[in-house]
Amino acid sequence: MRIGFFVNSLQQEHPKYTTTTLAREAVRRGHEVCYIEADGFSYLPDTGLHVQARLAPKNGDASLPAFLGAMQGPKAPCESLAVTDLDALMLRNDPAEDVGARAWAQTVGVIFGQMAARSGVLVLNDPDGLSGALNKLYFQHYPPDVRPRTLITRSAEAISEFVEEEGTAVLKPLQGSGGQSVFLVRPEDRANLNQMTEAVLRDGYVIAQEYLPAAAEGDIRLFLMNGDPLRVKGKYAAFRRIGRPGDLRSNMHAGGKAEKVDVSDDALRVAEIVRPKLIQDGMFLVGLDLAGDKLMEINVFSPGGLNSAGRLQKANFAAPVVEAVERKVASMARYGGHFSNARLATL
């Protein structure tokens, strides 16, 4: 099987990223792996969609730094492939990272992913589903009883009224990731509300959200695969993210740390509630961010932390993910076009 991993930029990838862990596991299982960057697609007039592929080393026993470093070096092997040479294409980019100077790259994965799927390549997560999730507004499509009370607006007055009603609230941009421009507004911070609002408005629409007291203890990242919590020998692919002292953000990119966690019945209940929508949208691998019995975010583009979950739980969570891709590719070969890409994505 030949698997392509689409990323924003190969040079910005890290050995501990989930993508690296999945790619090495695929090589361990005897598959050919390549990385494709945002500028690596071409549509040729006679032969259709091609990709410029950076080939992964064939040594699946290499350390994660050595494995990734072999592709990041200037002499790493590169090959032009027809997209139909791929059996599976995993979209592992984060559109929010391309806001600004690389705005052209934000929708590249979705657009070319849709073309690849129509050419018969298995694309995960399903690009048609991802096209509706290009910003945090996608979160609002899920049942309100698992979401914090939320206002989305560019009206500073409406934000002020919402914060007044809530007492304590969180402000963040509609488009963004990694904990950038996230503010906790407490009653004693009201004097600075205008400055906080202006800072977030510079990035577009503002999300004003109910503050969840449970978030003070960090949030829980729980992985779902095919709509179900990912487990290996009874251990869930999950961990608690703890922010730095005095910092609202628990994102790993913002200096948060990972701790082992026991997945609660509340978390499993939330996962079951969001499951139908995830399956409908063809979301194969997803990261839920939970605080208590509420869902803070759903990461459908490039959920990270599988490596941390595996280290803390002493389990190889990458193996069942790659195994699932193998089964899907086999089903595609066996049944041809009888299943849509979205159906195969969570089959």
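One can find the structure itself at the top, above this paragraph.
1. What about a nonpolar patch on the surface?
A grouping of Tyr43, Ile111 and Met115 is seen on the molecular surface, where their side chains present a nonpolar patch of about 300 Å² in accessible area. Its location among the elements puts Ile111 in helix α3 (residues 108-118).

2. Some words on helix α7 (residues 265-280)
Taking 1.5 Å per residue as the helical rise, α7 with its 16 residues ought to reach 22 Å, and the 24 Å between its terminal C-alpha atoms agrees with that figure. The largest bend in α7 comes to about 40°, at Val274, with the proline Pro276 one to four residues further on. On its buried side, α7 packs onto β12 (219-225), β13 (228-229), β18 (285-291) and β19 (294-299).

3. Notes on the pattern of salt bridges
One pass over the full model with this rule turns up 18 salt bridges. One salt bridge connects Arg275 with Asp228, and the closest N-O pair in it is separated by 2.8 Å. You can see Arg275 sitting in helix α7 and its partner Asp228 sitting in strand β13, a full 47 residues away along the chain. For Arg275, a relative accessible area of 26% translates into the label partly exposed. Its relative accessible area of 34% is what places Asp228 among the partly exposed residues. Connected through shared salt-bridge partners, Asp219, Arg221, Arg241 and Asp289 make up one network.

4. Focus on α3
All of the buried residues in α3 are Val108, Gly109, Val110, Phe112, Gly113, Ala116 and Ala117. Two residues or fewer past α3, Gly120 is found with a positive phi of approximately 100°.

5. Comments concerning the sheet that holds strand β9 (residues 169-173)
One open sheet holds the 4 strands; their spatial order is β8-β11-β9-β10, and the pairing between them is antiparallel. Either end of the sheet is taken by a strand with one partner, and the two such strands are β8 (150-153) and β10 (183-185). Strand after strand, the sheet turns through a mean of 20° between neighbouring axes, direction not considered. Sheet topology places β8 next to strand β11 (residues 206-210); 4 bridges connect them, and they run antiparallel. Each bridged residue has a counterpart across the sheet, and for Thr153 the counterpart in β11 is Val206. Strands in contact with helix α5 (residues 156-166) are β8, β9, β10 and β11; relative to β8, the strand with the most contacts, it is inclined by about 170°.

Reading the values: rules and limits
Residues numbered from 1 in each chain as written. Predicted model: local features only at pLDDT ≥ 70, side-chain atom pairs only at ≥ 80, totals over all residues. Heavy atoms only, no water. Patch = residues over 30% accessible without salt bridge, like charges linked within 9 Å, V, L, I, M, F, W, Y side chains within 5 Å. Areas by Shrake-Rupley, 256 points an atom, 1.4 Å probe, with all protein chains shown as cover. Salt bridge = Lys/Arg side-chain N within 4 Å of Asp/Glu carboxyl O. Helix = DSSP H or I, 4+ residues; strand = E, 2+ residues; numbered from the N terminus. Expected span 1.5 Å × (residues − 1). Bend = angle between axes of the 7 residues up to and from the residue. Contact = heavy atoms within 4.5 Å. Buried < 20%, exposed > 50% of the residue type's maximum accessible area, 1.4 Å probe, protein only. Pairing = 2+ DSSP bridges. Axes fitted to C-alpha atoms, helices over the stretch in contact; angles between N-to-C directions.

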